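# Structural overview for review
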Number of protein chains: 2
Amino acid sequence: MAIQVNHSITIEDVARAAGVSRAAVSKVIRDAYGVSDEMKTKVEAAIDELGYRPRVSARAMRGATYTLGIEIPTIKNPFFTKIISGAASALEGTRYQLIIAPMGPHHDRGPQAIQVLADRQVDGILAVSTAVDPEWLEDLARHTPIVMLGRHDDSQHYDTLVNDDVEGARMAVRHLYDLGHRDIVHLTIDPVWEKHLPTGPHALRARSYRQTMAELGLADKARVVFLKSEEDGAREVALGILREPVRPTAFFAGHDELALGVLTAVADLGLTPSDVSVVGYDDTEIAAHPLVSLTSINQSGTRMGEITVRLLLERIAGRTEPVHEVITPKLMTRTSTAPPHEGRGRKPQAPRLLTPQPK
Amino acid sequence: MAIQVNHSITIEDVARAAGVSRAAVSKVIRDAYGVSDEMKTKVEAAIDELGYRPRVSARAMRGATYTLGIEIPTIKNPFFTKIISGAASALEGTRYQLIIAPMGPHHDRGPQAIQVLADRQVDGILAVSTAVDPEWLEDLARHTPIVMLGRHDDSQHYDTLVNDDVEGARMAVRHLYDLGHRDIVHLTIDPVWEKHLPTGPHALRARSYRQTMAELGLADKARVVFLKSEEDGAREVALGILREPVRPTAFFAGHDELALGVLTAVADLGLTPSDVSVVGYDDTEIAAHPLVSLTSINQSGTRMGEITVRLLLERIAGRTEPVHEVITPKLMTRTSTAPPHEGRGRKPQAPRLLTPQPK
DNA sequence: TCGCCTTCGTAGATCGCTCTACACACCTTC
DNA sequence: GAAGGTGTGTAGAGCGATCTACGAAGGCGA
């Protein structure tokens, strides 16, 4: 047990203390071939006594960093932190460590966060960003194992893991339809976030929403509303829509954070789920809270994190053929959705001005 | 504009392409003294053309990593992610990057996460962990700039930044008292989390709670309930307490996540804020949501992140005397607190068995 | 006893960068 | 014109690990 923890202790010091060569110490800490039990004991004792820790940077010069990097679009969305938790627990017991590169306030800055990880020569990258140039990514993937989450393109060089966004969106719309809703608005993020990538999760959900509406004979009622930016709240946008003369009876939100904003607007106006039902996506922790009780589509971030780590470790172990996994989402029915009133879409008592609505 | 992004491009390649020495290139990228405009242009062109990125690991061998590391007890608590956001935006425009070391599932594993950062030779560490051996910390701080958040001990080697937990807890209790509550329970985390450190934030809040209760002449009513572990839900514990023959009329929870658990229990039993009021701590995003509307103590995680980064950059720039900053918390009154009913603490209609309660 | 194989340990090059020390050219200034 | 700046660039050591190549010692069969 580290009696002294001085951070300028090097492998050299350990070697001297144990009376062996640097190479011998290196062998012991790497668990490499050609070490007698006697030497192993001796060296390990010296390591403990000196409180020696190998420098990751020095290791990186020749060998591995034993580090996996994870990149997420924003740390504020609890769904992403679930992925991190899943990944972290999957690494438990391995010699690998996780580091997270947060995107700064300017999420649009392209590959910045992944670059940070690449610069640190992590042994593998787990990324959720869809806003990354595919070519750049392919190139990076040639040198570093990468698993992209939520990217529905089948790369040759990196693995992907997605939930079935098409199916998830269908579930959401059908659920509302089955309850009796017909005027269902889809609220989603600014496409800039996904760099207008047609295979991004939100783009797919929006497309599936439209298609499902059409299948249900509601093509003319389909309406997709985009947020202009993350900060521009879902609440305000929803308020605008809810104040229109004929308001929709249901919202399908692109993710739970948006759904929470809609719920706020609904609460602001004193409306109930029978007036306006709301479905989210991701099934984050807070959705299950009785005070919120948001119907949502679960895509198990935790499991995604675990699977991703497994894929990365396989790659590091030598796999070269790409793997593309899909997991099936699940509808979690809660009290934010309910059958609509008979007189749905009723006009407000007094005529009022149209509030400006985002396009 | 990186035409080609091959990740085995080194400074040597750039030097060759630009027709200068490695040292010259190094000077340009470090913005060091002794570079003519002409050479700077030439080298920068070569860097762009080759898509060169300096390896952080190689840099770390001699110079700096331009990386700050942040360690948090758990990524699931949104208060901590606020700190991260604050820190990230404070680093905007500097050459420093942030990496996060998440604690694995076993949070009790002592200094593990900070160690991960130290192993990577970050230039500065921002840590929230109270569960770290002070000696070990002092020793690490001798070599690396460190700012500890929420640690009320005045170290010689590292800086600290805390909110005034004593004042915050007092505000919470007084607020409930002013509304008319007398039976106020304090629900807090397992002290193991803070390694029973008497200067940890939760220990201080608990002590301040007791003291404030005493000041208000309620010493005999003071009751502190500890959670056994994080997973062992606040909801169950609160349910147990609320089912006692004479139930308290108010809870002061150690942090918002606990408060949410209590609110769940309150909702489970169909009680209102007039039956049981709840105050949290941290004022996380969700507390402000109208459906939750949790009265809480705000300690501005964002600002804490910003201040911490400033302190670290000062240290890196050469400051050696320790700084210990305190920020003042603020009460955010919402609808989870209300004056109690007249017949407060009334017995349930039928006598029932005491449910087991955690100690 | 010799030669060969196996096991254990070491020497030393190497990774990509930083940074000190120094060389060189050109300008002043006396 | 010599001495002393000043401004620009290069050479080369060094950071702390890893890892290949090789040497030494011991075991074993012929």
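Everything that follows concerns the structure shown earlier in this document.
So, here is what we can say about the structure in this document. (Residues numbered from 1 in each chain as written. Chains lettered and ligands numbered in written order. Predicted model: local features only at pLDDT ≥ 70, side-chain atom pairs only at ≥ 80, totals over all residues. Heavy atoms only, no water.)

When chain B is fitted to chain A, the residual RMSD is 0.1 Å, and the transformation amounts to a turn of 180 degrees plus an axial shift of 0.0 Å. Given the turn and translation reported, the copies of this chain are related as if by a two-fold rotation axis. The residues that chain B uses at the interface reappear at the interface of chain A in 100% of cases, marking a shared surface. (Least-squares fit on C-alpha atoms with pLDDT ≥ 70 in both. Contact = heavy atoms within 4.5 Å.)

Further remarks concern the sheet that holds strand β10 (residues 295-298) of chain B. All names here are of chain B. Ordered in space as β7-β6-β8-β9-β10-β12, the 6 strands form an open sheet in which the pairing is mixed. Each edge of the open sheet is held by one strand with a lone partner, namely β7 (223-226) and β12 (330-332). The mean inter-strand angle of the sheet, taken between neighbouring strand axes irrespective of direction, is 20 degrees. When strand β9 (residues 277-282) meets β10, the two strands line up parallel, connected through 4 bridges. Bridge assignment links D282 to a residue of β10, and that residue is N298. Each of β6 (184-188), β8 (250-253), β9, β10 and β12 is contacted by helix α8 (residues 165-179), which is oriented at about 165 degrees to β9, the strand it contacts most. Contacting β6, β7, β8 and β9, helix α9 (residues 201-215) crosses the sheet at an angle of about 170 degrees to β6. (Pairing = 2+ DSSP bridges. Helix = DSSP H or I, 4+ residues; strand = E, 2+ residues; numbered from the N terminus. Axes fitted to C-alpha atoms, helices over the stretch in contact; angles between N-to-C directions.)

Around DNA strand D, a shell composed of 29 residues is seen, among which I11(A), S26(A), S21(B), M61(B) and R62(B) lie nearest. A58(A) places a main-chain nitrogen or oxygen 3.4 Å from a base nitrogen of DNA strand D. R62(A) places a polar side-chain atom, nitrogen or oxygen, 3.0 Å from a base oxygen of DNA strand D. The set of elements that each furnish at least two residues to the surface near DNA strand D consists of α2 (22-30) and α4 (56-62) of chain A together with α2 (22-30) and α4 (56-62) of chain B. Top contributing element to the surface near DNA strand D by residue count: α2(A), with 5 residues. (Near = heavy atom within 4 Å. Polar contact = N/O pair within 3.5 Å; in protein donor to acceptor, adjacent residues only side chain to side chain.)

Residues of helix α7 (residues 134-141) of chain B that are buried: W136(B), L137(B), D139(B), L140(B) and A141(B). Elements in contact with the buried residues of α7(B): α6 (112-119), β3 (124-127) and β4 (146-149) of chain B. (Buried < 20%, exposed > 50% of the residue type's maximum accessible area, 1.4 Å probe, protein only.)

What follows concerns the interface of chain B and chain A. Listed as interface residues are 52 residues of chain B and, on the opposing side, 53 residues of chain A. Roughly 4600 Å² of surface becomes buried between chain B and chain A when both sides are summed, with 63% attributable to carbon and sulfur atoms. Of all residues in chain B, D119(B), R120(B) and L291(B) give up the largest surface area on contact with chain A, accounting jointly for 13% of the area buried on that side. Applying the counting rule to chain B against chain A returns 2 salt bridges. Residue D119(A) is joined to R53(B) by a salt bridge in which the shortest nitrogen-to-oxygen separation is 2.4 Å. Inspection of the chain B/chain A interface yields 15 residue pairs in polar contact (both at pLDDT 80 or more). (Buried area = accessible area lost by both parts, 1.4 Å probe. Salt bridge = Lys/Arg side-chain N within 4 Å of Asp/Glu carboxyl O.)

Lining the immediate environment of DNA strand C, one finds 29 residues, of which S21(A), I11(B), S26(B), Y52(B) and R59(B) sit closest. Expressed as a percentage, the sugar and phosphate content of the atoms of DNA strand C within 4 Å of the protein is 57%. In the model, a phosphate oxygen of DNA strand C is placed 3.0 Å from a nitrogen or oxygen of the S36(A) side chain. Contact between DNA strand C and R55(B): a phosphate oxygen at 3.4 Å from a main-chain N or O atom of the residue.

Residue and element names in this part refer to chain B. Axis separation between helix α5 (residues 78-91) and helix α12 (residues 301-316) bottoms out at 6 Å; the angle between their running directions is 45 degrees. The orientation of α5 with respect to α12, classified from their angle, is oblique. The interaxial crossing formed by α5 with α12 has right-handed handedness. Counted together, F79, K82, I83, G86, A87, S89, A90 and L91 of α5 and G301, T302, M304, G305, E306, V309 and L313 of α12 form the full contact between these two elements. Each residue belonging to the contact of α5 with α12 can be placed in one class, and the counts come to 8 nonpolar, 5 polar and 2 charged. (Parallel < 35°, antiparallel > 145°, perpendicular 65-115°, else oblique. Left-handed = near helix turned anticlockwise from the far one by under 90°. Nonpolar A, V, L, I, M, F, W, Y, C, P; charged D, E, K, R; others polar.)

What follows concerns the environment of V25(A). All names here are of chain A. In this structure, V25 sits in helix α2. As for V25 and I47, which are separated by 22 residues in sequence, their C-alpha atoms are 8.9 Å apart. Setting aside chain neighbours within four positions, we find V25 in contact with I11, V14, A15, V20 and V43.

Left-over empty space is what a probe sized like a water molecule reveals as it rolls over the atoms. Counted according to the given criterion, the structure contains 7 cavities of 30 Å³ or more. The space that makes up the largest cavity amounts to roughly 150 Å³. Taken together, 16 residues line the largest cavity, and the ones lying closest to its centre are V56(A), R120(A), V56(B), S57(B) and R120(B). Listing elements by their share of the lining of the largest cavity, those giving two or more residues are α4 of chain A together with α4 of chain B. In terms of residue count, the dominant contributor to the lining of the largest cavity is α4(B) (3 residues). Residues belonging to the lining of the largest cavity are distributed by class as follows: 7 nonpolar, 7 polar and 2 charged. (1 Å grid on protein atoms, 1.4 Å probe; cavity = no way out; pocket = protein on both sides within 12 Å on 5 of 7 lines; lining within 4 Å. Points joined across faces, edges and corners; volume = space filled by probe spheres on them.)

Residue and element names in this part refer to chain A. Counting buried positions along strand β2 (residues 97-102) gives 5 out of 6 residues, so the element sits mostly inside the fold. When strand β1 (residues 67-72) meets β2, the two strands line up parallel, connected through 6 bridges. Its bridge partner lying in β2, I72 is registered against P102.

What follows is about the packing of aromatic side chains. All names here are of chain B. What the rule picks out here adds up to 5 aromatic pairs over all chains. When the ring of Y66 is compared with that of Y96, the centres are 5.6 Å apart and the planes differ by 70 degrees; the resulting orientation is edge-to-face. Of this pair, Y66 sits in the loop between α4 and β1 (67-72) while Y96 sits in the loop between α5 and β2 (97-102), and the two are 30 residues apart along the sequence. On the basis of relative accessible area, Y66 is assigned to the buried category, the value being 17%. Note on Y96: relative accessible area 14%, which makes it buried. Measuring from ring centre to ring centre gives 6.5 Å for F252 and Y281, while their planes differ by 40 degrees; the resulting arrangement is tilted. A residue pair is termed long-range when its members are at least 10 positions apart, and F252 in strand β8 and Y281 in strand β9 qualify at 29 residues. Across the pair, exposure class does not vary: F252 and Y281 are buried alike. (Phe/Tyr/Trp six-rings, centres within 6.5 Å; stacked < 30°, edge-to-face > 60°.)

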